[in-house]
Amino acid sequence: MYDLIINNIGMLATSSGVSPKKGSEQKDVKVIENASIGIKDGIVAYVGECTHNKDAKTVLDAKKCLVTPGLVDAHTHLVFGGFREYEIPLKLSGASYLEILAAGGGILSTVKHTRETSKNDLYNKAYNFLDDMLKHGTTTVEAKSGYGLNLETELKQLEIVKSLNEKHNVDLVSTFMGAHAIPLEYKDRKEDFIKLLCEEIIPKVGTLKLAEFCDIFCETGIFTAEESEVILKVAQRYGMRSKIHADEINPIGGSSLAGRIKAISAEHLIEADRAGMESMASGGTIAVLLPATSFYLAKNFAKAKEMIALSIPVAIASDFNPGSSPSFNMQFVMNLGYLKYGLTPEEVLTAVTINSACAIGRGESVGTIEVGKQADIIIWDAPNLNYIFYRFGNNLVDKVIKKGKLVVDNKK
Ligand code: IZC
Ligand code: ZN
């Protein structure tokens with residue numbers, strides 16, 4: 001006896017397996033027409049032809065619509081104080097992202113607000129974001145710290161992510177990113193800040209088990225590839241796997257480093273060169289691409305097709321943050337994956353489900369609709385997969401099932 005059966009699915013589209021899809025596997029999406037899904041104890045127990053088997057406590061009629069796995073957003077800066085709309089006139093007058101940061105704005109203005117905002121207010125703000133993300137189909141979210149840049153506020157951010165994971169329907173995965181910028185009090189003393197990270201903050205975060213991953217902003221004027229390697233290796237000793245914000249604005253060696261140290265993922269990669277990509281391919285590093293950031297900063301789009309051709313698994317995420325990507329809408333991100341990276345709907349679906357799940361260590365439990373996996377499922381207001389890449393700009397999610405429970409019903 002199932003707890004829930006979803007019947008009358010017009011098109012079920014899902015990747016399969018628990019490992020990252022690379023090369024031609026990226027487009028291998030399984031499609032079942034006229035399908036149904038049986039769920040027991042929050043886990044998928046049946047996937048196949050529509051049986052019209054009514055042996056379930058609840059039966060949900062998918063009304064011939066598209067069904068896919070819940071979307072996995074593998075890169076966000078979810079917990080932050082304030083917003084940064086004040087940057088708009090600066091940008092209109094020609095200031096770049098790095099110039100705004102160098103003048104003490106950008107990330108540093110968010111650091112100031114995050115330090116000043118109470119834990120409770122930051123928690124509530126992030127909780128509301130998660131509500132809205134879930135309504136847009138996102139069922140698992142990675143969240144980075146990095147707006148504290150001191151022990152107290154980094155821990156505050158990470159503890160908020162831990163509580164959100166316990167309280168909210170969305171599953172959260174935590175990444176420590178204390179190496180996100182050089183705080184004003186360490187301006188011209190970067191060595192001392194690196195020491196603080198390596199000798200005090202990382203050991204504390206590691207001992208408290210507040211993060212599974214450690215990320216770093218490897219970029220001109222922030223951390224060099226050499227400094228990134230030192231910091232990431234300390235974090236590895238404390239059990240945190242490596243991620244790198246690499247080649248977002250300038251290619252200074254981040255992607256090469258990622259492959260060399262077998263980082264689980266490298267993110268952005270807008271300006272990644274061939275050597276960096278080859279290093280990632282040989283290190284088994286997943287590319288987490290963030291097209292909403294390219295869009296919002298009016299920059300180039302990462303060479304996603306070249307990466308797939310080089311057998312790098314490609315994931316796509318939102319980069320939700322108050323500066324370079326103030327949107328968490330994964331549907332918009334999917335549209336950009338098709339329109340700007342030139343990927344097929346199948347390749348993009350893999351990128352926002354199983355590959356993004358693998359990029360945050362969740363490939364065993366989510367990212368596909370298969371027997372044994374957590375029942376994180378979207379019923380779309382769409383008849384087929386192509387349709388959601390074609391109708392951009394509005395929310396096409398009808399219902400969301402999380403761990404087997406109906407948690408969003410947008411038409412109600
Ligand atoms: O707040 O600007 N790129 N970090 C690296 C960000 C964007 C977040 C921000
Ligand atoms: Zn980021």
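Everything here concerns the structure above.
Starting from 1, residues in each chain are numbered consecutively following that chain's sequence as written. Lettering for chains starts from A, numbering for ligands starts from 1, and both go in the order in which the items are written. Given that the model is predicted, a residue must reach a pLDDT of at least 70 before its local features are reported, and side-chain atom pairs must reach 80 or more before they are shown or counted; all residues, however, enter totals for whole chains, interfaces and linings. Side-chain calculation: all heavy atoms of the structure are included, whereas hydrogens and water are not.

Here we take up the pattern of salt bridges. Here, a salt bridge means any side-chain nitrogen of Lys or Arg that lies within 4 Å of a carboxyl oxygen of Asp or Glu. One pass over the full model with this rule turns up 23 salt bridges. For the salt bridge of glutamate 212 with arginine 362, the shortest nitrogen-to-oxygen distance reads 2.6 Å. Highlighted residues: glutamate 212 in the loop between helix 6 (190-207) and strand 9 (213-218) and arginine 362 in the loop between helix 14 (354-359) and strand 14 (377-380), separated in sequence by 150 residues. By relative accessible area, which is 22% here, arginine 362 ends up partly exposed. As a salt-bridge pair, arginine 274 and glutamate 306 come within 3.1 Å of each other at their nearest N and O atoms. Here arginine 274, found in helix 9 (residues 274-283), pairs with glutamate 306, found in helix 11 (residues 304-309); they are 32 residues apart in sequence, far enough to count as distant. For arginine 274, a relative accessible area of 45% gives the class partly exposed. Only protein chains enter the area calculation, which uses a 1.4 Å probe; residues under 20% of their type maximum are buried, those over 50% are exposed, and those in between are partly exposed. On the basis of relative accessibility, which here comes to 26%, the residue glutamate 306 falls in the partly exposed class. A network of salt bridges, in which partner residues are shared, links Glu142, Lys144, Asp215, Lys243 and Glu267. Numbering of helices and strands runs from the N terminus, with a helix taken as a DSSP run of H or I at least four residues long and a strand as a DSSP run of E at least two residues long.

Note that soluble globular proteins tend to have their nonpolar side chains buried in a common cluster. Put simply, a nonpolar core is a bunch of buried Ala, Val, Leu, Ile, Met, Phe, Trp, Tyr and Cys residues held in one set by side-chain atoms that sit within 4.5 Å of each other. Of all hydrophobic cores here, the largest spans 106 residues; its most connected members are Leu78, Phe176 and Phe223. Here this core takes 8 residues from helix 6, the largest share from any one element. Counting 18 residues, the second-largest nonpolar core is a separate cluster that includes Leu12, Leu60, Ala375 and Ile377.

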